[in-house]
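Listed here are the chains, written in short residue letters.
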Amino acid sequence: MSPHLVVPGNPARPGPRREETAAPSRPRGAPTKPRGLSAGQLADRLFRYAMLACGLSVIAIVVLIVFELFQGSRLAINEFGLKFFIGTDWDPVSGEFGALPFLYGTVVSSLLALVLAVPLALGVAVFVTEICPRPLRAAVSFASELLAAIPSVIYGLWAIFVLVPLLRQDVEPWLQSHLGWSGLFEGPPYGIGMLAAGVILAIMIVPIISSITREVMVAVPRQQREAALALGATRWEMIRMSVLRNARAGIVGAIILGLGRALGETMAVTMVIGNRPEIAKSLLAPGYTLASVIANEFSEATGDLYLSALFEIGLALFLVTIVVNALARLLVWSVTRGTPARAHAQ
Amino acid sequence: MPNSASAYGSDYVRWRRRLTDHAATAAAALTTILVLAPLLAIFGYLIYRGAGTLSWAFLTRTPAPVGEVGGGMANAIVGSGTILAIACALGVPLGVGSGIYLAEYGRNRLGNLIRFTADVLNGVPSIVVGIAVYALIVLRQKHFSAFSGGVALGIMLIPTVTRATEEMLLMVPHSIREAALGLGVPEWRTTLSITLRTALPGVITAVMLGFGRIAGETAPLLFTAFGNQFWNLRPDQPTAALPLQIFAYAISPYDEWHRQAWAGALVLILLIVGTVAAVRLIAARGTVKGAA
């Protein structure tokens, strides 16, 4: 806001500025300017402060978010302490608030999504950067950009009416008859449940992981590839030995960024996970996540303690995603550092 | 590297290496097809299910009561417009401003702190932004409003715009800045009319990409804009938004509402794809030149 408030004000008084700049020297102790600044310098300084204010507002917003989350959850923190995150009972009516089922649901659905998404995302990244013929490359990257642009709620809508019936009728019975011995696929195949959440999350995070992996792979110096090829490596050997190995840390970073997105994803998961606060071993059983319990229960939370417990869940989600994202950024940065120019040029 | 002429003979090794190479190529191509399949499936379904319900009435009417056929999402479309306008009015100036600070003055510890905070903000789950804004604005005003929804989305827009603006400004060659300063143009004027002007296509691209992202956000609006079945043009009242309406209809038990949800989703996706396509066009026309 502030730049636009300050900047238009300046051309309104160009007279004094021109006078000052026209004067060849700034005599010491110029009587009209108490701080020894010309109008031009003053404008520069004002502009700089305005921009600084914008920058500081970013920090202020994050501080405010943290403050409000702490403020909102104070009641629950005082009441339950750390017990909050090991309690397995979530029964707002009788005043019992244990968040473990949500933690479990968030972690399991996200890990499931990673297991499904990582091989696919790496395959796409390798295909686009190293294998894909040039004319096709733009089309494929445009398509994956589109995939990233589809809103969460539309993924959820599609999952409810297309993915869930598919899982219920075909995939889950198949899993039960072939992998039933693992104990992961017990119980009736509702379609809705942890598996559906994992699959839709996987579809959503593939574009994120693959686009960052692509960025990291492009940052690997061309000489590395040429050296491998000159030694007689096949294309796959070149990819494995020079590209993937050099980009390793960045790829891990990309995966963790995908994890961060999966942990905080709300709408699509809420629409298909079943929303039942239980810890079940079976992936076919319904679950609940940190984000979706907030989405479902926040607006109808009766009582201060209930609302406060939901705030504490939000705070936990916030802290977890911050740590995960910071770790990921650090890893991506360790690979792309020093090569931004090349990354953009290619 | 299996390069030695061992007992197997080099033929075997060569065949095995070539086979692995082909297998890996095929696997990479296959995963790409697998990943793009949901994209086609989603767009296909949106058009197949949505186009039938999409009509002039859908775009101009408010929701019909349960049990009645017809009605539309006009109020949600206008509501989304209001909320997004508020979000842009907040997010774009702050984002561009802090991007300018980072690029022009931010080579220091404070700059790094702002950069890091922007990345942190970018990673905050949207639902968390929603409840924070609820506590910040809705609780104090005692009612849901389009304004608070706009603030929540605006907060989500800031980091995208900030980092992209910085990146684009840094791509502008120093010689252009020096030329302007050498002509006696004040620094602020150089930054605004020369540097920012040169980087403008890139900045616009970033703003529109960010816009495309927040346009479909639902979670931050659940407890801020809240939704509304009726017309509301006042920014201090609960307001309908397209994603909220889609969500409410999708999880409802009524077939008619499901149809409406598909049509709403089609409108939303057209809005977003339109933005992304426009971005491509702008980016292709006039990216920052001379940076390489």
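Quantities reported herein were computed from a predicted structural model and do not represent experimental measurements.

A.B. asks: Describe the overall build of chain B, listing the residues and the values that go with them.
C.D. replies: When helices and strands are counted, chain B shows ten helices and zero strands. Counting from the amino terminus, helix and strand elements in chain B follow one another as α-α-α-α-α-α-α-α-α-α. The C-alpha atoms of chain B give a radius of gyration of 25 Å, which is well past the 19 Å a tight globule of 292 residues would have. In terms of its C-alpha atoms, chain B occupies a principal-axis envelope of roughly 80 × 65 × 35 Å.

A.B. asks: So what's going on with the overall build of chain A? Residues and values would help.
C.D. replies: Across its full length, chain A holds 14 helices and two strands. Counting over 346 residues, chain A shows a buried share of 46%. Here the contacts in chain A between residues at least 6 apart in sequence split such that 74% fall between residues at least 24 apart.

A.B. asks: Please set out the interface of chain A and chain B residue by residue, giving values where relevant.
C.D. replies: The interface is formed by 75 residues belonging to chain A together with 73 residues belonging to chain B. Per-element tally for the side of chain A that touches chain B: the top contributor is helix α3 (residues 39-80) of chain A, with 21 residues. Its residues placed into classes, the side of chain A that touches chain B shows 49 nonpolar, 19 polar and seven charged.

A.B. asks: Run through the domain arrangement of chain A, naming residues and quoting values.
C.D. replies: Residues and elements named next belong to chain A. Each domain of chain A was delimited in the assignment, giving domain 1 (2-84) and domain 2 (87-345). At the interface, eleven residues of domain 1 touch 13 residues of domain 2. Of the residues in the side of domain 1 that touches domain 2, the class split is seven nonpolar, two polar and two charged.

A.B. asks: Describe unusual backbone geometry, listing the residues and the values that go with them.
C.D. replies: Positive phi values are uncommon outside glycine, yet Asn275(A) reaches one of about 55°. Tracing the backbone through its elements, the reader meets Asn275(A) in the loop between α11 (267-272) and α12 (290-297). The backbone of Lys142(B) sits at a positive phi, close to 70°, despite the residue not being glycine. In this fold, Lys142(B) is placed in the loop between α5 (126-141) and α6 (146-171).

A.B. asks: Please set out the packing of α6(B) against helix α8 (residues 187-215) of chain B residue by residue, giving values where relevant.
C.D. replies: Residues and elements named next belong to chain B. In contact at an axis separation of 8 Å, α6 and α8 are set at 150° when each is read in the N-to-C sense. Taken together, the axis directions place α6 and α8 in an arrangement best described as roughly antiparallel. The handedness of the crossing between α6 and α8 is right-handed. Two secondary-structure elements touch here, α6 through Leu153, Met156, Leu157, Thr160, Val161, Ala164, Thr165, Met168, Leu169 and Met171 and α8 through Thr195, Leu196, Ala199, Gly202, Val203, Ala206, Val207, Leu209, Gly210, Arg213 and Ile214. Residue composition of the contact of α6 with α8, grouped by class: 15 nonpolar, five polar and one charged.

Scoring rules and cut-offs
Residues numbered from 1 in each chain as written. Chains lettered and ligands numbered in written order. Predicted model: local features only at pLDDT ≥ 70, side-chain atom pairs only at ≥ 80, totals over all residues. Helix = DSSP H or I, 4+ residues; strand = E, 2+ residues; numbered from the N terminus. Rg over C-alpha atoms; globule rule 2.2 N^0.38 Å. Buried ≥ 20, exposed ≤ 12 C-beta atoms within 10 Å, placed from the backbone. Contact = placed C-beta atoms within 7 Å. Nonpolar A, V, L, I, M, F, W, Y, C, P; charged D, E, K, R; others polar. Domains from an automatic or database assignment. Axes fitted to C-alpha atoms, helices over the stretch in contact; angles between N-to-C directions. Parallel < 35°, antiparallel > 145°, perpendicular 65-115°, else oblique. Left-handed = near helix turned anticlockwise from the far one by under 90°.

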